[in-house]
Every structure is written in C-alpha cells, then in structure tokens.
Amino acid sequence: MSTSTTVVVLGLTSVVLYYGLRRTRSEPAQSAPYPPGPKGLPIIGNVLDMPKNGQDWLTYAVWGREYKSGIVGVKLLGQPIVIINDGDILSEFDRVSHLYSDRPPMQMAGNLVGYAKTLVLMPYSPTFRSFRKHFARIMGSPAQLKQYLPMAEQKAKAFVRRMLAHPTELEPQLRTLAGSIILNIAYGITVEERDDRFVTMIERILAEGFNNAAVAGKFLVDVMPALKFVPEWLPGAGFQTLARKWRNDFNDMVNVPYQFATQLIADGVAPVSFVSTSLELDDSTAEIENIKHCAASMYGAGADTTVSTEHAFFLAMLLNQDVQKTAQAEIDSVTGGERLPTYADREHLPYVHALVTELLRWHNVAPLGVPHRAMEDGVVHGHFIPKGSIIVANLWQMLHNPEVYPDPLVFDPTRFIASPGKEVQRDPRHACFGFGRRICPGMHLAEASVYAVVAMSLAVFDILPVMKDGKPIIPQHSNTDGTISHQPHFPYVLRARSEKAVTVVQRETADL
Ligand code: HEM
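Residues numbered from 1 in each chain as written. Predicted model: local features only at pLDDT ≥ 70, side-chain atom pairs only at ≥ 80, totals over all residues. Heavy atoms only, no water.

A. Focus on empty space enclosed by the protein. By the definition in use, this model includes 4 cavities of 30 Å³ or more. A volume near 810 Å³ is recorded for the largest cavity. Forming the boundary of the largest cavity are 44 residues, of which Ala301, Thr305, Phe433, Cys440 and Pro441 lie nearest the centre. Going through the elements one at a time, helix 6 (126-139), helix 9 (170-187), helix 13 (285-319) and helix 17 (443-460) are the ones with two or more residues in the lining of the largest cavity. With 7 residues, helix 13 is the single largest residue contributor to the lining of the largest cavity. Each residue belonging to the lining of the largest cavity can be placed in one class, and the counts come to 28 nonpolar, 12 polar and 4 charged. (1 Å grid on protein atoms, 1.4 Å probe; cavity = no way out; pocket = protein on both sides within 12 Å on 5 of 7 lines; lining within 4 Å. Points joined across faces, edges and corners; volume = space filled by probe spheres on them. Helix = DSSP H or I, 4+ residues; strand = E, 2+ residues; numbered from the N terminus. Nonpolar A, V, L, I, M, F, W, Y, C, P; charged D, E, K, R; others polar.)

This is the structure in structure tokens:
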C-alpha cells in the first residue's frame with residue numbers, strides 16, 4: 001500500500017461517525033463490563049478525548065496504564081472502539097477470531113472507488129475466504145513460497161548491484177525491488193530496473209486514488225452513506241466525478257497487469273505465477289474476477305509494508321554499528337566473502353535471523369494494525385465487546401512494552417538469542433503481522449524479502465552516517481502516522497566494504 005493509503009485505512013473518524021450516527025440498537029444488559037477507558041460526555045462520548053496530534057498508539061498506551069488494563073474502550077457517538085494493548089489479550093482474540101474478522105466499511109475508497117474488492121478492505125464473506133485460500137496456496141507457508149525464492153534472490157542481487165551504481169537512491173530502489181518481486185509472483189511480470197510502466201502506474205493509482213479516497217473525514221459520503229446514490233450531475237456531487245475517475249484507475253490497476261499476464265500465457269512464455277496457476281485450476285468468468293482482484297491485493301498490501309521495514313533496517317544499522325559488524329562477521333564466516341549469502345545460508349546465520357526478528361519488533365510497519373470489526377456480541381478477557389465494535393490492536397505498544405522487552409527503544413538482536421541463564425524475549429511475530437483470520441497472508445514472503453535485503457546488503461556495504469564538520473549526523477528513529485508507518489528520509493552513506501565485495505556482486509549479477 002503506498003504511503004498514505006494507509007492514513008486512511010486506519011482513519012477511524014468517518015467510519016466511526018457513520019456507525020455512531022446510525023447506531024440505534026440498544027445494547028443488551030450484560031454481566032461483563034465494557035472495557036475501562038476515559039469517561040466521556042453524554043451523546044458525543046469520547047470524541048474530545050481522542051488523540052489529535054498523531055501517534056495515537058502512544059495515547060492508547062497511556063490509557064492502558066491509566067486504567068490498569070490491557071484492553072480499553074471508548075465510544076464515539078455511541079460507536080464502541082475497543083483497543084487492545086496487550087499481547088496475551090490479543091491471543092485471546094485470536095482464539096475467537098471467527099467473531100472479530102470483519103472490517104469497518106469505507107464508502108468512498110471501499111465501495112465507490114472499489115477497494116473493498118481487494119482483500120485488505122473486504123468484508124468478512126465467502127469471497128474473503130476464497131481470497132485467503134488463494135493467498136494461502138501461493139504464499140501460506142515457507143514451503144509454498146519456495147518455488148519463488150530463486151527469483152527473489154536474483155532480484156535482491158540486482159538491487160545490491162543497483163545500489164553500488166546509485167548509492168543515494170535507497171528508497172526508490174527498495175520500491176523497485178519490492179514491486180519487482182510482487183509483480184513477478186502475482187503476474188509473472190519482469191519489471192524494468194528504472195521507470196517500469198507497471199510499477200509507475202500502480203504506485204500513481206494508489207497514491208492518487210486510494211490515498212485520497214480513504215482520507216478520514218474528507219468525503220461526506222463516508223459519514224452519510226445514502227449520498228452514494230446521488231447522481232454525478234447534481235450540484236455538489238463532485239465526489240462522484242472523483243470516484244468515477246479513481247474507479248477507472250482502479251480498474252486499470254486490476255486489469256492491465258492481468259491482461260499482460262494472460263498474453264504471456266497465450267504466447268506460451270508465461271513463468272509460473274499466481275495468475276497462471278490459478279487459471280489452470282479454474283478459469284470460469286466468476287473466478288477470473290476473483291483472481292484479478294486477488295492479484296491486485298498483493299501489490300497494494302505487500303509493497304509499501306516491505307519497503308518500510310527494509311528502509312528502517314538501513315537506519316538500524318547506521319545507528320548500531322556494533323550490531324552491523326557482528327552480523328557482517330557472521331555472514332563472512334559462512335560465505336568467506338567469496339559469494340553473496342543465499343536463502344540456503346539462513347539456518348547458519350542465527351544472528352542475522354535474530355536481527356530480522358528485532359527489526360520486525362523495533363520498527364512497527366503498522367503500529368495500530370488494520371482495524372477489525374466485531375460480528376457478534378461477545379466477552380473477551382472478562383469484558384463485553386458489543387457487536388459492531390471497531391477493534392484496534394495497538395501493535396506498537398505490544399512490541400514496545402518494557403515489561404516484555406526491557407529498553408524497548410534499543411535495537412538489540414540478542415533479545416532473541418538464548419544463552420545459559422538467559423531466556424529469549426517474546427517473538428514479535430505474535431503481533432507484528434496482525435491477528436486472527438485477518439493475519440497478514442504475506443508474512444512469509446515479507447520475511448523472505450527482508451532477509452535477502454538484510455543479508456546481501458550487509459555482505460556488500462558498510463552503512464554509515466554522513467559526516468558534517470567532522471561529526472556524524474545521527475538521525476532519529478521515528479514512525480510516521482498512517483496505517484503503514486514509515487521512517488522519514490534520513491541521510492546515510494553506503495560504502496562498498498571492499499573491492500572484492502564489488503567483484504563478487506559483478507560476477508553474480510553478470511547474467512541478470
Ligand atoms: C514486513 C512486511 C509486512 C508487514 C509488517 C505486514 C503486516 C500486516 C498487518 C499488521 C496486517 C493487518 C492484519 C490484521 O488485520 O490483523 C496485514 C494485512 C495484510 N497483508 Fe501484510 N505485512 C507485510 C507484508 C505483506 C506482503 C509482502 C504481502 C503480500 C504480498 C502482504 C499482504 C497482506 C494482505 C493482503 C493483508 C490483508 C489481509 C486481510 O485483510 O485478510 N503483506 N499485513
């Protein structure tokens with residue numbers, strides 16, 4: 001999902017207003033109490049208590065401490081919002097996830113433009129389950145992903161070569177890399193190294209259409225869904241014109257790469273891809289629609305998230321030179337500096353594995369996950385969760401809880417390396433990919449992509465601060481607001497570790 005797509009998916013306001021205003025059902029008397037939280041005012045509830053300056057996860061964590069509860073609740077105009085701050089309580093939701101796997105609908109981005117046809121915004125439904133099966137078939141486990149690893153490895157090598165040639169282009173090159181892996185898996189498309197037409201088109205469409213359409217509170221139709229029936233020619237219905245334009249773009253994003261993939265199949269030159277294998281299983285008209293939208297879901301949800309993690313890796317190394325050196329030494333001990341590390345080396349690189357684990361904890365790509373919606377009344381951890389509640393998992397707090405991760409802001413892979421008398425800390429994978437039936441279906445691909453960038457970059461580069469007046473510029477680690485949170489741009493130096501490292505890259509990428 002491109003950057004602010006994001007702002008949106010999590011922008012609760014409009015959704016909340018919508019639900020709050022239409023909520024007329026009186027809640028049944030319950031013996032279990034609603035989760036504790038700020039008291040709020042009559043009718044508007046907690047509207048005035050809600051965080052206004054961004055980084056909402058910090059306010060939610062403070063509420064957790066204030067009310068001494070890993071689960072807190074607020075109401076906005078009667079709309080319940082339940083916030084989970086604790087990893088153990090998240091696991092309790094996991095166990096009854098059939099009740100908590102819907103998404104709050106978004107009228108403009110989801111229904112009018114069309115993004116509700118992609119997995120992230122799709123309501124819980126038979127189509128949702130069929131999309132999840134598609135994802136599971138192709139990337140549901142490391143074994144299923146295996147057939148794509150040689151390709152992903154080649155792409156990561158090509159990335160390192162490009163970074164040697166253009167060391168200041170970290171962010172665009174990470175985007176090209178993530179796009180090239182996902183488009184290959186989804187459609188069998190091989191992208192150009194620069195200005196690829198598919199990557200450019202999809203990034204533009206997500207940035208213009210989704211990111212704007214999903215901005216909380218921007219469109220009245222999100223608050224008053226009946227407006228979606230207003231015809232475009234009526235004065236004041238400009239949102240319909242925008243929705244039509246963005247819907248056309250959305251359809252291009254769904255159809256153009258798909259048509260390219262089917263042309264490859266027709267020409268008999270298609271590599272194995274999600275589209276090619278899915279069409280072999282079922283090419284009925286109804287299924288083709290599913291395959292197209294499922295493939296389109298991959299780029300939207302998978303590219304921006306992976307880029308965010310990989311970008312943060314470079315910052316983590318810049319800030320932690322000792323960690324960088326330890327990881328480089330481990331890689332050298334396996335490769336002898338004679339070749340680039342591969343997926344086959346992963347099991348022999350425990351420190352690098354721990355470094356990736358720590359990266360998933362330290363830099364939260366989705367600090368508040370993506371909101372779920374309760375489909376039934378229920379009781380979790382002794383608290384009543386009314387039907388229709390929006391469930392927000394404060395993943396940032398779960399992964400920065402000092403009781404679970406001492407000195408949580410410190411980047412320290414040894415948290416996850418056992419030694420005599422020392423237990424490892426909780427694996428961040430219990431939270432960083434979300435929960436229940438909506439847990440990230442791309443997590444194995446995400447990890448494989450991140451590992452390749454981490455291992456190959458460490459093998460080839462020293463990642464260093466920029467020097468100014470003889471002093472290093474030390475950037476701060478921070479999380480931007482939005483569903484997908486990024487480390488803002490920071491100055492860095494990438495320096496090849498040795499002439500030999502450069503030669504190895506040249507040799508291993510000669511035929512790419
Ligand atoms: C480091 C990279 C990634 C992180 C940290 C991440 C994290 C997440 C999180 C937190 C969610 C929300 C889960 C929930 O609702 O509880 C999610 C959903 C999703 N992710 Fe990922 N993700 C990553 C990479 C990927 C990749 C590579 C793909 C696919 C190519 C992908 C596809 C999806 C999809 C389709 C959803 C929506 C699932 C649904 O609504 O059922 N993600 N991800």
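Once the structure has been displayed, the description carries forward.
B. Quick peek at the UniProt feature "binding site: heme" (unreviewed entry) in the protein chain. Per the UniProt annotation, the sites labelled "binding site: heme" (unreviewed entry) are Cys440. As for its placement among the helices and strands, cysteine 440 is situated in the loop between helix 16 (395-399) and helix 17. Residue classification places cysteine 440 among the partly exposed residues on the basis of a relative accessible area of 26%. Not counting residues within four places of it along the chain, the set of residues in contact with cysteine 440 comprises Arg132 and Phe433. (UniProt positions renumbered as here; feature names shortened; annotations may be inferred. Buried < 20%, exposed > 50% of the residue type's maximum accessible area, 1.4 Å probe, protein only. Contact = heavy atoms within 4.5 Å.)

C. Structural view of the packing of aromatic side chains. Taken as a whole, this structure holds 12 aromatic pairs when the rule is applied. Seen in terms of ring centroids, tyrosine 60 and tryptophan 63 are 5.4 Å apart; in terms of plane orientation they differ by 40 degrees. Their pairing is tilted. Remark: tryptophan 63 and tyrosine 60 occur in helix 3 (residues 56-66); sequence separation between them is 3 residues, near one turn of the helix. Arranged with centres 5.1 Å apart and planes meeting at 65 degrees, the rings of phenylalanine 198 and phenylalanine 260 form a pair that is edge-to-face. (Phe/Tyr/Trp six-rings, centres within 6.5 Å; stacked < 30°, edge-to-face > 60°.)

D. Representation of the pairing of strand 1 (residues 71-76) in the model. Within strand 1, 5 of the 6 residues are buried, leaving the element largely enclosed by the surrounding structure. Direction of pairing for strand 1 relative to strand 2 (residues 79-84): antiparallel, over a ladder of 6 bridges. In the strand pairing of strand 2, valine 74 is matched with isoleucine 81. Counted along the chain from strand 1 to the antiparallel partner strand 2, the turn is 2 residues long, and its residue leucine 77 has a positive phi close to 50 degrees. (Pairing = 2+ DSSP bridges.)

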